[in-house]
2 protein chains.
Amino acid sequence: MAPSPFADPQHANPHLRWHPLRGEWVTYAAYRQNRTFQPPPQYNPLAVTMDPANPTELPQGDYEIAVFDNRFPSLALDSHDPPASTVPTAPANGHCEVVVFTQDPVSSLSALSLSRIELLLQVWGDRTTRIGGQHNIHYVLPFENRGAEVGVTLHHPHGQIYAYPFVPPVPANMLAQEREYFLQHGSSLLCDMARLEAEDGQRVLYQGPHAIAFVPPCARYPYEVWLMPSAPCKDFAALTPEQRADLARALKTVLLKFDGLWDRPFPYLMSWYQAPTDGASHPETQLHAEFFPPYRNRDRLKYLAGTEIGAGMFAMDVLPESTAYELQQVQVSLEERVVQ
Amino acid sequence: MAPSPFADPQHANPHLRWHPLRGEWVTYAAYRQNRTFQPPPQYNPLAVTMDPANPTELPQGDYEIAVFDNRFPSLALDSHDPPASTVPTAPANGHCEVVVFTQDPVSSLSALSLSRIELLLQVWGDRTTRIGGQHNIHYVLPFENRGAEVGVTLHHPHGQIYAYPFVPPVPANMLAQEREYFLQHGSSLLCDMARLEAEDGQRVLYQGPHAIAFVPPCARYPYEVWLMPSAPCKDFAALTPEQRADLARALKTVLLKFDGLWDRPFPYLMSWYQAPTDGASHPETQLHAEFFPPYRNRDRLKYLAGTEIGAGMFAMDVLPESTAYELQQVQVSLEERVVQ
């Protein structure tokens, strides 16, 4: 963790409002629209500071992976005095960090060495333990938004970590399904799904001694991929060195297949789910990543519209077996295109 | 309802797959990718057929509002024999219709007369009663995707109706919240919210004797708007003529404000929620529309990414009060730009 090179903290004071019809919180950080900091087009805030008079987000120095506080957070631990409204409001306590994957601004996660990717899995674990250890934080979500198609404006390889004061709706629902399954079967829903996929084989993209990646049989997005350790493992901190090494191989394989599919950088949201940091043991939960790519084919985006946004039922024009087959055909070498 | 002018039905046979980690169904209609029907650029399938040798989706004739079966449905009542997979599968029983709002291909819902909009509300009611009366159909959702920004390729003014064999996740969650509120308070959650908004006033866009439109205090999208009858009304069929007339005025007001905001057609998803057609009485439920516009400001789209898609917690850079103020400033006349 680097101290911020900025003398002027942003005094973020986001607040939550309760959505009574959905039973969920929405966070408002209106100050984000008034960013005083308008970088010139060539300015890269995720590069290391070269001239202290013109600081970037990173102080001078050499690093492999850098983590720092998001200057424009949607959640902040010192939020206070939320405004009153016609719905309940609360301070948006939480924490947002930026994780820079490399000093090379034109590289990508897929191009990093296996050891760098292993280090990233370790960093996510360290940050989860540190942030999740604060009593206000109940869930830590590392993710990467990649590509202009998902709204990314900074192309320097980086991800984010959001730490929530509650378990947010998507992982909360996931945990409820995993818990019910665990109570009924005494085993992990995701580990059992992974075993079935390994046996079936037709949607598998990577299978190593300790990790697996596959297109889920119930994909809601074309080219959706899940990856995880094959054996029960509830969070990053619980990964054995062998699991971590194989998970890095699985991740790099999937990323290279994505980029190789159409011979261009493949955009996606990559979301990592793990056990809540709420003090409970969570034997039902499995650490895993889900990729949500925005394209339905090489030329067309999949738009979320009527039935997806309005009803919450996803409609797919392509079978998971077809996109899995396409990705299986992409040959990759884990040693190629390695950039430190 | 018009009979299809096509001799060749598509033999749609979509199927559902169970998503164990989310506890929801996903529908697959792989044949949709193989549409044999490639219209020339100038061809408008939503216009009336002029030459029977080159049929559109609509037979010859004069109409105000036309409803016909979607030729490429994601759900079909005669679906059968779903393929086996590693997750449970089922026939994708359901029904998909197209609703054409006018014969004028360059008009818009906002430009239609109040009487035409009232007729549309009646049509939605008639279709809900008819389709919802079938024993396999538990939820009927009328919606309109408008604009290339939400993936619409046919600009002839039209909407769709999806009829589901179950109550899908978004309305199911909504109903659960409404039910809990109704049990606790003995009144409608949405009617009580609408009353608070009317009293507060700062987010109200339309207030008539029987209907109200406002930016919700818990908006998840910039320019999100809700509109509804002010008094309890569970579905389109239950609207009184006075409610229907005022709801048409509320709807046209919102649509004109949207189009007037940046003096260009405003894209949105408009979703209409009502009581399930599952045979229960649903006193807790309120008929209402929600608009989900894709823009965060005149020039930039709001991308759903990490926290929205990955976690299900929406993060907003703009307060509902600000977007409500912008829309309040747009002056509209309900009699202007009326096109029959």
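Residues numbered from 1 in each chain as written. Chains lettered and ligands numbered in written order. Predicted model: local features only at pLDDT ≥ 70, side-chain atom pairs only at ≥ 80, totals over all residues. Heavy atoms only, no water.

Participant: Could you give an account of the interface of chain B and chain A, with specific residues and numbers?
Facilitator: Counting residues at the interface gives 77 residues for chain B, matched by 77 residues for chain A. Buried area between chain B and chain A, summed over both chains or domains, comes out near 6,200 Å², and the portion from carbon and sulfur atoms is 61%. At the junction of chain B and chain A, the tally comes to 4 salt bridges. Put simply, Glu24 of chain A and Arg220 of chain B hold a salt bridge, and the shortest N to O gap is 3.9 Å. At the surface where chain B touches chain A, the tally comes to 28 residue pairs in polar contact (both at pLDDT 80 or more). In terms of residue count, helix α2 (residues 169-185) of chain B provides more of the side of chain B that touches chain A than any other element does, 7 residues in total. Examined bridge by bridge, strand β13 (residues 315-316) of chain A and strand β2 (residues 24-28) of chain B share 2 bridges and lie parallel to one another. (Contact = heavy atoms within 4.5 Å. Buried area = accessible area lost by both parts, 1.4 Å probe. Salt bridge = Lys/Arg side-chain N within 4 Å of Asp/Glu carboxyl O. Polar contact = N/O pair within 3.5 Å; in protein donor to acceptor, adjacent residues only side chain to side chain. Helix = DSSP H or I, 4+ residues; strand = E, 2+ residues; numbered from the N terminus. Pairing = 2+ DSSP bridges.)

Participant: Which residues make up the packing of helix α2 (residues 169-185) of chain A against helix α3 (residues 189-200) of chain A, and what values do they have?
Facilitator: Residues and elements named next belong to chain A. Taken N-terminus to C-terminus, the directions of α2 and α3 make an angle of 80°; their axes are 8 Å apart at the nearest point. Looking at the two axes, α2 sits roughly perpendicular to α3. Contacts from Gln177, Glu178 and Tyr181 of α2 reach α3 at Leu189, Leu190 and Asp192. Here the residues of the contact of α2 with α3 are counted per class, giving 3 nonpolar, 1 polar and 2 charged. (Axes fitted to C-alpha atoms, helices over the stretch in contact; angles between N-to-C directions. Parallel < 35°, antiparallel > 145°, perpendicular 65-115°, else oblique. Nonpolar A, V, L, I, M, F, W, Y, C, P; charged D, E, K, R; others polar.)

Participant: How would you sum up the relation of the copies chain B and chain A? Please name residues and give values.
Facilitator: Least-squares fitting of chain B to chain A yields an RMSD of 0.0 Å, with the superposition described by an axial translation of 0.0 Å and a rotation of 180°. Taken together, the turn and the small shift mark the pair as related by a two-fold rotation axis. If distances are taken from each C-alpha of chain B to the rotation axis, the shortest is found for Leu304 of chain B, at 4.9 Å. When the interface residues of chain B are mapped onto chain A, 100% of them are again interface residues, pointing to one common binding face. (Least-squares fit on C-alpha atoms with pLDDT ≥ 70 in both.)

Participant: Give me the sheet that holds strand β2 (residues 24-28) of chain A: which residues, what numbers.
Facilitator: Taken in spatial order, the 4 strands line up as β4(A)-β1(A)-β2(A)-β13(B) in an open sheet, and their pairing is mixed. Strand pairing shows two members of the sheet lacking a second neighbour, β4 (89-91) of chain A together with β13 (315-316) of chain B, which therefore form its edges. Relative to β4 of chain A, strand β1 (residues 15-19) of chain A runs antiparallel, the two sharing 3 bridges. By the bridge assignment, Leu16 of chain A is partnered in β4 of chain A with Ala90 of chain A.

Participant: Mind laying out the packing of helix α1 (residues 114-132) of chain B against helix α4 (residues 241-261) of chain B, listing which residues take part and the relevant values?
Facilitator: For any two helices packed against each other, the geometry comes down to the angle between their axes and how far apart the axes lie. All names here are of chain B. The interhelical angle for the contact between α1 and α4, taken along N-to-C directions, is 115°, at an axis separation of 9 Å. Here α1 lies roughly perpendicular to α4, going by the angle between them. Relative to α4, the crossing made by α1 is right-handed. Two secondary-structure elements touch here, α1 through Leu114, Ile117, Glu118, Leu121 and Gln122 and α4 through Arg244, Ala245, Leu247, Ala248, Arg249, Leu251 and Lys252. Split into classes, the residues belonging to the contact of α1 with α4 amount to 7 nonpolar, 1 polar and 4 charged. (Left-handed = near helix turned anticlockwise from the far one by under 90°.)

Participant: If you had to explain the packing of aromatic side chains to someone new, which residues and values would you point to?
Facilitator: Aromatic ring pairs are defined here through the distance separating the ring centres and the angle between the ring planes. Residues and elements named next belong to chain A. Throughout the structure, instances matching the rule amount to 36 aromatic pairs over all chains. Their ring planes at 45° and their centres at 6.3 Å tell us that Tyr164 and Phe166 sit as a pair that is tilted. Taking the relative accessible area as the measure of exposure, Tyr164 reaches 0% and is therefore buried. Within the aromatic cluster, the residues linked to one another by ring pairs are Tyr223, Phe258, Trp262, Phe266, Tyr268, Phe291 and Tyr295. When the ring centre of Tyr28 is taken as origin, the NZ or CZ atom of Arg17, which lies over that ring, is 4.8 Å away. (Phe/Tyr/Trp six-rings, centres within 6.5 Å; stacked < 30°, edge-to-face > 60°. Buried < 20%, exposed > 50% of the residue type's maximum accessible area, 1.4 Å probe, protein only. Lys NZ or Arg CZ within 6 Å of the ring centre and 35° of its normal.)

Participant: Mind laying out the state of the cysteines, listing which residues take part and the relevant values?
Facilitator: Residue and element names in this part refer to chain A. Under the defined criterion, the tally for this structure stands at 0 disulfides over all chains. Between Cys191, a cysteine without a disulfide, and Cys233, which holds the nearest cysteine sulfur, the sulfur-to-sulfur distance is 8.8 Å. For Cys191, a relative accessible area of 9% puts it in the buried group. (Disulfide = S-S within 2.5 Å.)

Participant: Could you give an account of the pairing of strand β7 (residues 158-164) of chain A, naming the residues involved and the relevant values?
Facilitator: Residue and element names in this part refer to chain A. Among the 7 residues of β7, 7 are classified as buried, and the element is accordingly described as predominantly covered. The alternating pattern of β7 places His158, Gln160, Tyr162 and Tyr164 and Gly159, Ile161 and Ala163 on opposite faces, both of which are buried. Sheet topology places strand β6 (residues 139-146) next to β7; 5 bridges connect them, and they run antiparallel. In the sheet register, Val140 faces β7, and the bridge partner there is Ala163.

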